[in-house]
Amino acid sequence: MTEIANKLLGNIGRSTLDVLQQLRGVRSLTAEAGYWMFIAPFRSQKLKWKNTIEQMVKIGFNSMPIVLLIAFFVGLIIAMQSAYQLERFGTTIYVANLVAVSLTRELAPLLTAIIVTGRSGSAITAEIGTMKVSEEVDALQTMGLNPVRFLVVPRLLAIMIMLPCLTVIADLVGIFGGYVLAMGTLDLTSVRYIDQTISALTFRDLSSGLIKSVFFAFIIGMNGCFQGLSVRGGAEGVGKSTTRSVVVSIFLIILADVFFTFLFFSTF
Amino acid sequence: MQEPIIQIKDLVAAYGDREVLKGINLDIYPGESIAILGRSGCGKSTLLRHMIGLAQPKSGEVRIKGEDIGSMNEEERNEVLKKTGMLFQSAALFNSMTVGDNVAFPLREHTDLEESTISIMMKMKLDLVGLSGFDDFKPAELSGGMKKRAGLARALAMDPEILFCDEPSAGLDPIVGAGLDNLIRRLQKAFNMTIVVVTHEMESVYIIADRIAMLHEGRILAVGTKDELLNHPDPRVKQFLNREADDEEMDRDSYLKTIMGKDE
Ligand SMILES: Nc1ncnc2c1ncn2[C@@H]1O[C@H](COP(=O)(O)OP(=O)(O)O)[C@@H](O)[C@H]1O
Ligand SMILES: [Mg+2]
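Since we're looking at a predicted model, the values are computed, not measured. (Residues numbered from 1 in each chain as written. Chains lettered and ligands numbered in written order. Predicted model: local features only at pLDDT ≥ 70, side-chain atom pairs only at ≥ 80, totals over all residues. Heavy atoms only, no water.)

1. What about the environment of A:Ser249?
Residue and element names in this part refer to chain A.
Line of reasoning, step 1. With respect to the secondary-structure elements, Ser 249 resides in helix H9 (residues 234-267).
Line of reasoning, step 2. Ser 249 sits 25 residues away from Gly 224 along the chain, and the two C-alpha atoms are 7.8 Å apart.
Line of reasoning, step 3. At 2.9 Å, the side chain of Ser 249 forms a polar contact with the side chain of Asn 223. (Helix = DSSP H or I, 4+ residues; strand = E, 2+ residues; numbered from the N terminus. Polar contact = N/O pair within 3.5 Å; in protein donor to acceptor, adjacent residues only side chain to side chain.)

2. Observations regarding the sheet that holds strand S6 (residues 84-87) of chain B
All names here are of chain B.
Line of reasoning, step 1. Taken together, the six strands give an open sheet; going across it, the order is S6-S7-S8-S3-S9-S10, and neighbouring strands pair in mixed fashion. The open sheet is flanked by S6 and strand S10 (219-224), the only strands paired with a single partner. Across the sheet, the mean angle from the axis of one strand to that of its neighbour is 15°, orientation sign disregarded.
Line of reasoning, step 2. Sheet analysis places strand S9 (residues 211-216) next to S10, joined by five bridges and oriented antiparallel. Note on S10: the bridge partner recorded for Ile 212 is Gly 224. (Pairing = 2+ DSSP bridges. Axes fitted to C-alpha atoms, helices over the stretch in contact; angles between N-to-C directions.)

3. Thoughts on the sheet that holds strand S5 (residues 67-68) of chain B
All names here are of chain B.
Line of reasoning, step 1. On the basis of which strands lie adjacent, the open sheet formed by four strands has the order S2-S1-S4-S5 and antiparallel pairing. Bordering the open sheet on either side are strand S2 (18-28) and S5, each of which pairs with just one other strand.
Line of reasoning, step 2. Across five bridges, the pairing between strand S1 (residues 6-15) and strand S4 (residues 59-64) is antiparallel. Note that in S4 the partner of Ile 6 across the bridge is Ile 64.
Line of reasoning, step 3. Taken strand by strand, helix H1 (residues 44-51) contacts S1, S2 and S4, and its axis lies near 120° from that of S1. (Contact = heavy atoms within 4.5 Å.)

4. With respect to the coordination of the magnesium ion (ligand 2)
Coordination angles at a metal have ideal targets, namely 109.5 degrees for four tetrahedral donors and 90 or 180 degrees for six octahedral donors.
All names here are of chain B.
Line of reasoning, step 1. The protein atoms that coordinate the magnesium ion (ligand 2) are Ser 45 (OG) and Gln 89 (OE1), at distances spanning 2.0 to 2.7 Å. Highlighted residues: Ser 45 in helix H1 and Gln 89 in the loop between S6 and helix H3 (99-110), separated in sequence by 44 residues.
Line of reasoning, step 2. Under the relative-accessibility criterion, Gln 89 is labelled partly exposed at 34%. (Donors = N, O, S within 2.8 Å, 3.2 Å for Na, K, Ca; no water. Buried < 20%, exposed > 50% of the residue type's maximum accessible area, 1.4 Å probe, protein only.)

5. Observations regarding the side chain of B:Arg211
Residues and elements named next belong to chain B.
Line of reasoning, step 1. Inspection of the secondary structure assignment puts Arg 211 in strand S9.
Line of reasoning, step 2. There is a polar contact of 2.8 Å between the side chain of Arg 211 and the backbone oxygen of Asp 27.
Line of reasoning, step 3. Non-local contacts of Arg 211, meaning those with residues more than four positions away in its chain, are made with Asp 27, Ile 28, Tyr 29, Glu 32, Ser 33, Ile 34, Ala 35, Val 223, Gly 224 and Thr 225.

6. Comments concerning the domain arrangement of chain A
Residues and elements named next belong to chain A.
Line of reasoning, step 1. Split by domain assignment, chain A resolves into domain 1 (1-41) and domain 2 (51-266).
Line of reasoning, step 2. Placing the centre of domain 1 and that of domain 2 at their C-alpha centroids yields a distance of 26 Å.
Line of reasoning, step 3. Each side of the interface is counted separately: domain 1 has nine residues, and domain 2 has 14 residues.
Line of reasoning, step 4. Interface of domain 1 and domain 2: buried area, both sides summed, is about 1,000 Å²; carbon and sulfur atoms make up 84% of it.
Line of reasoning, step 5. On the domain 1 side of the contact with domain 2, Leu 29, Trp 36 and Met 37 bury the most area, a combined 55% of that side's loss.
Line of reasoning, step 6. Linking domain 1 to domain 2 there are zero salt bridges.
Line of reasoning, step 7. Run the count over domain 1 and domain 2 and you get one residue pair in polar contact (both at pLDDT 80 or more).
Line of reasoning, step 8. Taken together, the residues of the side of domain 1 that touches domain 2 break down into five nonpolar, three polar and one charged. (Domains from an automatic or database assignment. Buried area = accessible area lost by both parts, 1.4 Å probe. Salt bridge = Lys/Arg side-chain N within 4 Å of Asp/Glu carboxyl O. Nonpolar A, V, L, I, M, F, W, Y, C, P; charged D, E, K, R; others polar.)

Next comes the structure, spelled out in structure tokens:
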């Protein structure tokens, strides 16, 4: 009995230490990335814009089709579900409100972040992890070049620029999805639905969604790079870290979402 | 006697609590070619990583041109590293770039040279290692020996004073391996570089090295020319040089320790 208790406590202690050590690692990586992003460029060590733009294309542009598709259908689904409720009260016009507000405030940022985690967060970890195990990261260092500057910063910047852009697109396409459903099945005119959507939306709805997406992007990029750099032991290590990268990112995104939603809910 | 270009003093290196290097002392002089010889897993790569500042020693120091590389800040260390080259065991080419871009990369990042000049220099380096015409190939399209050559060209890109090589001919067939060793030796003479080669292969050592340092169980067992080592009093030196197998005797305690995974 005591043996089991001991083992259990030991495991809890070890995992706690593990998490703490990871947190320290993330903190120092964040500090270093911050240095190379905001301080070094003023000391004549320029940002790697070419790599950053490459990453923006990879992370952002190439995610567009899947984001468009999913946002459209989610807009459609929300419209359907709201119509199902609102029809009972004869107020189907409020479908426009529900679609617009729930998308911009919540669903577009969250869904886009989760899609990008699966598509690009995993790719970031796998790429950097593979470079780590094939000694490419060490090679950079022996050339006198900083791996954080060359590998982490371009990816982090790219994702922090592209995720909010993708979120805006998801907002628009999702609302269009709702519109398509409303036009097809509900007894509403096009002008009325659009008017209702515009009057329902406030700047706050849009901006709170976008602020969230910037933080989500930071989580995906930072965690993706950190997990990649901490890969140990060959191809198997890359696989493990990639899985962990996705799971941890999604978990942290949800946590952050709870936090920000609460913050916006209580302040706005 | 000349001032050493690299001085290793009481270097202790550990992974966790496990000490891999237990107090290394070694002086390396400018223009010489030294081979660090030892069996697989005895800490050769670890020693190289400490010499080039990729890892921090547990205690002791590595001085390059009199400066302790472990206590430098990053900027100072990068200045030193610009004048050194490293050929990794796996070549460590950037797989996302072409061979030409790999070689040009340090020049692009460290110099303000025109792209046309860089391209000429890149072609010259590839020519030196016998890879002219391969600039548009991706590393994945090269054989093992060609990858090492490309890695060598990249290590030479900035005209280093010191070149570190980790097992240059390991994993290659004997002819290709010997070719690479000869190439390194020729380049060393041509450019008057200091070369530190880490290897477990005697054939490599005979081709490349002026002096040999034998690494055994975390310490330097012997240093000297080939002839000096062949007459060395310690039987373990002769054993390695003559490639004799270890006697498999082991007392019960150390056997137990081995299977329990404890090193000391
Ligand atoms: N990253 C690491 N973590 C833990 N132990 C390591 C690591 N790298 C090497 N070692 C251990 O250190 C010893 C020396 O390794 P290494 O320097 O690679 O040897 P060599 O290059 O001579 O074959 C080996 O026993 C190896 O298991
Ligand atoms: Mg090795």
